[in-house]
Amino acid sequence: MKFLLRSLVFCILLGLLAGGAFYTWFTRPLELPAATVEFRVPQGSGLRAVTRVLEQAGVPVHPDLLVLAARLLGKEGAIRAGTYGIERGITPEQLLDTLVQGKVLQMELRLVEGWTFRQWRAQMARQPGLELLAGQLSEAELMARLGLAGQAAEGMFFPDTYLVDKYSSDLELLARAAKAMQKHLEREWAARDPGLPYRNAYEALIMASIVEKETGVEADRPLVAGVFVNRLRQGMRLQTDPTVIYGLGERFDGNLRKVDLQTDTPHNTYTRVGLPPTPIAMPSLASLRAALHPARTNALYFVARGDGSSHFSASLDEHNQAVNRYQRRGR
């Protein structure tokens, strides 16, 4: 009996010692090889795989003990993928919390409204910490990878400031931007004004891109949209310079000439009636709403005043007077 009692006491003491040692290890700072250590957890990684990633990064965490801790706390299957950065002073307990809560390294990337898809690709290519996958694909291949096969890329991505995981891919970012644009477009199209001269939501997106490029002042967006809607209804050419510039592509040198206006391209709204075949830029939500809720106006013309705003006219005579006033003064 005494032997059994002594054995029981010994086991309890041994368990307490083991538990104390485990607690000490779990709450003691790890000795990292550098002030900051970065590592990436691939999608679908289990905790055992994560311990191998940590080992390769030089993080001296005991794999079996970390797995045991995760099991005891019910966190073994809750590890999140991404790129992490840990600093000296972190404990195994804090490391496990970081992995479970997905406290990944992130960076901000602004995709600017009014820019073209070509400009966006160039911007993403200059972004440090972004894996360039989309940059290696043709536009057709890229759109197919995004589930938008056969669709032109221009206008199909929502301009915004995105928080992205460090070392994630440009393809992941574009997938988010495409999903956001589709969501906004579907919602705004459903709430559009009645009687608009668009056959579908895509034509509204094209109009929004033109409004985006033609507007320097927020308050002018619905008025600019109203002018172009009036022109569509009357069968007039839109005659908007940004469509000509877009059609010229890399040939445009910053100086739009009369010969450019007369040179036919699919996007030249001086030579062709109606909307161009695709958007000419990435429109903002404000421009999309203006295209779907244009101002009720009799204006058919507008000219830049030189301060970012525009003067709107209902007749060609009034428009020519405005051009003389704002564009030709001092010449």
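What comes next is a walk through the structure. The residue count restarts for each chain, going from 1 along the sequence in the order it is written. Reporting in this predicted model follows two pLDDT cut-offs: at least 70 for local features of residues, and 80 or more for side-chain atom pairs to be given and counted; totals over whole chains, interfaces and linings ignore these cut-offs and use all residues. As a rule here, side-chain values come from all non-hydrogen atoms in the structure, and water together with hydrogens is ignored.

Some points on the overall build of the protein chain
Under the convention used in this document: Helix and strand definitions follow DSSP, with helices as H or I runs of at least four residues and strands as E runs of at least two, each counted in order from the N terminus. As defined in this context, the radius of gyration uses C-alpha atoms, and a globule is described by 2.2 Å times the residue total to the power 0.38. The cut-offs for exposure are 20% and 50% of the maximum accessible area for each residue type, with area from a 1.4 Å probe on protein chains only; residues under the lower value are buried, those over the upper are exposed, and the others partly exposed. Contacts: residue pairs with any heavy atoms within 4.5 Å of one another. Working definition of accessibility: Shrake-Rupley area with a 1.4 Å probe, residue cover restricted to the visible protein chains.
Within the protein chain one finds 13 helices and six strands. The C-alpha radius of gyration of the protein chain comes to 30 Å, more than 25% above the 20 Å expected for a compact globule of 331 residues. Considered along the principal axes of its C-alpha atoms, the protein chain spans approximately 115 × 40 × 40 Å. In the protein chain, which comprises 331 residues, the share counted as buried stands at 43%. A separation of at least 24 residues holds for 64% of the contacts in the protein chain among residues at least 6 apart in sequence. Put simply, the protein chain shows about 18000 Å² of open surface, and 52% of that area lies on carbon and sulfur atoms.

Regarding the pattern of salt bridges
Note the threshold: The term salt bridge refers to a side-chain nitrogen of Lys or Arg lying within 4 Å of a carboxyl oxygen of Asp or Glu.
For the structure on display, the rule yields 10 salt bridges. A salt bridge links aspartate 64 to arginine 48, with the nearest nitrogen and oxygen atoms 2.9 Å apart. Residue aspartate 64 is located in helix α3 (residues 63-72), and its partner arginine 48 is located in helix α2 (residues 47-56); the two are separated by 16 residues in the primary sequence. Each of Arg187, Glu188 and Arg289 takes part in salt bridges that share partners, so that together they form one network.

Let's talk about the packing of aromatic side chains
Rule in force here: Stacked, tilted and edge-to-face pairs are distinguished by plane angle, under 30 degrees for stacked and over 60 for edge-to-face with tilted covering the rest, among Phe, Tyr and Trp rings (Trp via its six-membered ring) whose centres lie within 6.5 Å.
Taken as a whole and assessed by the stated rule, the structure comprises six aromatic pairs. Here phenylalanine 39 and tyrosine 84 contribute two aromatic rings whose centre-to-centre distance is 5.6 Å and whose plane-to-plane angle is 20 degrees, an arrangement assigned as stacked. Highlighted residues: phenylalanine 39 in strand β1 (residues 36-41) and tyrosine 84 in strand β2 (residues 82-87), separated in sequence by 45 residues. Tyrosine 84 carries the same exposure label as phenylalanine 39, and that label is buried. Ring plane angle 50 degrees and centroid distance 6.4 Å describe the contact between tryptophan 120 and phenylalanine 157, whose orientation is recorded as tilted.

With respect to the packing of helix α7 (residues 170-190) against helix α8 (residues 201-214)
Filter applied, for reference: Helix axes use the C-alpha atoms of the stretch in contact, all axes being lines fitted to C-alpha atoms, and the angles between their N-to-C directions lie in the range 0 to 180 degrees. Working rule for angles: under 35 degrees goes down as roughly parallel, over 145 as roughly antiparallel, 65 to 115 as roughly perpendicular, anything else as oblique.
In the contact formed by α7 and α8, the axes pass within 10 Å of each other and the chain directions differ by 105 degrees. Comparing the axis directions of α7 and α8 gives the class roughly perpendicular. Together, Met181, Leu185 and Trp189 of α7 and Ala201, Ala204 and Leu205 of α8 make up the contact between the two elements.

Considering a nonpolar patch on the surface
The line we're drawing: Like charges are joined within 9 Å and nonpolar side chains (Val, Leu, Ile, Met, Phe, Trp, Tyr) within 5 Å, but only among residues with over 30% relative accessible area and no salt bridge; these make up the patches.
A contiguous nonpolar surface patch, about 290 Å² in accessible area, is contributed by Leu68, Leu72 and Leu73. Examined against the element boundaries, leucine 73 turns out to sit in the loop between α3 and β2.

Some details on the layout of surface pockets
Here the idea is plain: a probe the size of a water molecule rolls over the atoms and shows the empty space left. Heads up, the rule is: For each structure, a 1 Å grid was placed over the protein atoms alone; sets of points admitting a 1.4 Å probe that cannot get out are labelled cavities, open sets with protein on both sides within 12 Å along at least five of seven lines are labelled pockets, and lining residues have an atom within 4 Å of a point. Grid points are joined across faces, edges and corners, and a volume is the space filled by probe spheres set on the points. Three classes are used: nonpolar for Ala, Val, Leu, Ile, Met, Phe, Trp, Tyr, Cys and Pro, charged for Asp, Glu, Lys and Arg, and polar for all others, with Gly counted as polar.
Put simply, the largest pocket is a space of about 720 Å³. Lining the largest pocket are 26 residues; nearest its centre among them are Gln239, Asp241, Tyr270, Phe302 and His319. Breaking the lining of the largest pocket down by element, the ones donating at least two residues are α9 (221-234), α10 (241-248), β5 (301-304) and α13 (316-326). Sort the elements by how many residues they give to the lining of the largest pocket and β5 lands first, with four residues. Counted by class, the lining of the largest pocket contains 12 nonpolar, nine polar and five charged residues. Considered as a void within the structure, the second largest pocket measures approximately 410 Å³ in volume.

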